[in-house]
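Single-letter residue listing:
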Amino acid sequence: MTNFTKFDEEQLISLMQQDSLGAFEEIYQRYWKALYAEAYKRLKDKDASEEIVQELFTAFWHKRHSLNIHQTIGGYLYKSVGYRVIDHFRKELTRQTHQESFKLNYTEADHSTEQAIMLKDLQLNISHVVNQLPDKCRSVYELSRISHKTNKEIASELGISEKTVENHLTKALNKLRLSLNNYLLLLIFLLIK
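All figures in this text were calculated on a predicted structure; none of them were measured in a lab. (Residues numbered from 1 in each chain as written. Predicted model: local features only at pLDDT ≥ 70, side-chain atom pairs only at ≥ 80, totals over all residues. Heavy atoms only, no water.)

Chemist: Which residues make up the overall build of the protein chain, and what values go with them?
Modeler: Of the regular secondary structure elements, the protein chain holds eight helices and zero strands. Counting the 193 residues in the protein chain, one finds 30% classified as buried. For the protein chain, the proportion of contacts with a sequence separation of at least 24, taken over those separated by at least 6, is 57%. Total accessible area on the protein chain is roughly 13,200 Å²; 54% of this is exposed by carbon and sulfur atoms. (Helix = DSSP H or I, 4+ residues; strand = E, 2+ residues; numbered from the N terminus. Buried < 20%, exposed > 50% of the residue type's maximum accessible area, 1.4 Å probe, protein only. Contact = heavy atoms within 4.5 Å. Areas by Shrake-Rupley, 256 points an atom, 1.4 Å probe, with all protein chains shown as cover.)

Next comes the structure, spelled out in structure tokens:
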């Protein structure tokens, strides 16, 4: 077994480009903690920092054949973490902007009477579709969605397997989705206008 700790960076890159997982793992071991610390210093979020570093190393491995590093591996990886942190902030800002925009549109519009009528109509449509389901399927749906029971509890109560419960739920939800698809699109359109 090769001891990769003795290799310098150029050798590790060369070996990695020849598909040496050991060389990749050595690079990973050398830099993971420092890269995580760098990401965490900027983000103050453990999960996001871990995700960024993991995605970086995944991309690093996938690009191993086309890597063209003109500096140290550490320099390359630190720069990459920096770019990924910036991308993370950019995505977060975009997400927050969309969220704020949605909140603003939703709170500015007063469609309370219209929404109440549509909600009642939606409830009636759901009830109609549920009532058309086969008895066992309807029972499973009602126990799950109205009584808020787990699949295990439903299976025990009805004397069927959990897989059968899942199948009945899938069937019921698919029927609801198909029956209410056009209605929901109209509802969404009216809510965001």
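Okay, back to it.
Chemist: Could you give me a rundown of unusual backbone geometry, with the residues and numbers involved?
Modeler: Phi is positive for Asp19, close to 70°, though the residue is something other than glycine. Tracing the sequence through the fold places Asp19 in the loop between helix H1 (9–17) and helix H2 (21–43). Backbone geometry places His148, a non-glycine residue, at a positive phi of 55°. Take His148: it is sitting in the loop between helix H6 (135–145) and helix H7 (151–158). Given a relative accessible area of 64%, His148 falls into the exposed group.

Chemist: Any chance you could break down helix H3 (residues 46–62) for me, citing the residues and the numbers?
Modeler: Compared with an ideal rise of 1.5 Å per residue, which puts 17 residues at 24 Å, H3 spans 24 Å between its outermost C-alpha atoms and is within 8% of the ideal. Along H3, the residues that are buried comprise Ala48, Ser49, Ile52, Val53, Leu56, Phe57, Ala59, Phe60 and Trp61. (Expected span 1.5 Å × (residues − 1).)

Chemist: Now, about the packing of H2 against H3: what can you tell me, with residues and values included?
Modeler: Taken N-terminus to C-terminus, the directions of H2 and H3 make an angle of 145°; their axes are 9 Å apart at the nearest point. Once H2 is placed against H3, the crossing between them reads as right-handed. Judged by residue contacts, Leu21, Phe24, Ile27, Tyr28, Tyr31, Trp32, Leu35, Tyr36, Ala39, Tyr40 and Leu43 of H2 engage Lys46, Ala48, Ser49, Glu50, Ile52, Val53, Gln54, Leu56, Phe57, Phe60 and Trp61 from H3. Class assignment of the residues belonging to the contact of H2 with H3 gives a composition of 18 nonpolar, two polar and two charged. (Axes fitted to C-alpha atoms, helices over the stretch in contact; angles between N-to-C directions. Left-handed = near helix turned anticlockwise from the far one by under 90°. Nonpolar A, V, L, I, M, F, W, Y, C, P; charged D, E, K, R; others polar.)

Chemist: Please set out the pattern of salt bridges residue by residue, giving values where relevant.
Modeler: A full pass over the atoms with the stated rule returns nine salt bridges. One salt bridge in this structure joins Arg64 and Asp19, with 2.8 Å as the shortest N-O distance. Linking Arg64 in the loop between H3 and helix H4 (73–108) with Asp19 in the loop between H1 and H2, this pair joins segments that are 45 residues apart in sequence. In this structure Asp19 comes out as partly exposed when scored by relative accessible area, which is 42%. (Salt bridge = Lys/Arg side-chain N within 4 Å of Asp/Glu carboxyl O.)

Chemist: So what's going on with the packing of aromatic side chains? Which residues, and what values?
Modeler: Aromatic ring pairs: the centre-centre distance and the angle between the two ring planes describe each pair. Per the counting criterion, the structure on display carries 10 aromatic pairs. Measuring from ring centre to ring centre gives 6.5 Å for Phe57 and Phe60, while their planes differ by 85°; the resulting arrangement is edge-to-face. Of this pair, Phe57 and Phe60 both sit in helix H3, three residues apart, which is roughly one turn of that helix. What makes Phe57 buried here is its relative accessible area of 2%. Aromatic rings pair up to connect Phe24, Tyr28, Trp32, Tyr36, Tyr40, Phe57, Phe60, Trp61 and Tyr76 into one cluster. Over the ring of Trp61 we find Arg64, and its NZ or CZ is 3.8 Å from the ring centre. (Phe/Tyr/Trp six-rings, centres within 6.5 Å; stacked < 30°, edge-to-face > 60°. Lys NZ or Arg CZ within 6 Å of the ring centre and 35° of its normal.)

Chemist: Quick one: what's the story with H1, residue by residue and with numbers?
Modeler: Residues spaced three or four apart along an α-helix face the same direction, because each turn holds 3.6 residues. Looking only at H1, the buried set comprises Leu12, Ile13 and Met16. Down the axis of H1, the smallest arc covering the buried residues is 100°, so these residues share one side. Between a side-chain oxygen at the N-terminus of H1 and the backbone nitrogen of Glu10 the separation is 3.2 Å; the capping residue is Asp8. Remark: Asp19 follows H1 within two positions and exhibits a positive phi of approximately 70°. (Arc of directions from axis to C-beta. Polar contact = N/O pair within 3.5 Å; in protein donor to acceptor, adjacent residues only side chain to side chain.)

Chemist: I'd like a rundown of the nonpolar core, residues and numbers included.
Modeler: In terms of nonpolar packing, the biggest core is built from 25 residues, with Met16, Ile27, Leu35, Phe57, Phe60 and Leu77 touching the most fellow members. Considering every element that reaches this core, the biggest residue donor is H2, with nine residues. If we skip the residues at most four places from it in the chain, Leu77 touches Ile27, Tyr31, Leu35, Leu56, Phe57 and Phe60. Grouped together as the second largest cluster of nonpolar side chains are nine residues, Val130, Cys137, Tyr141 and Leu176 included. (Core = buried A, V, L, I, M, F, W, Y, C linked by side-chain atoms within 4.5 Å.)

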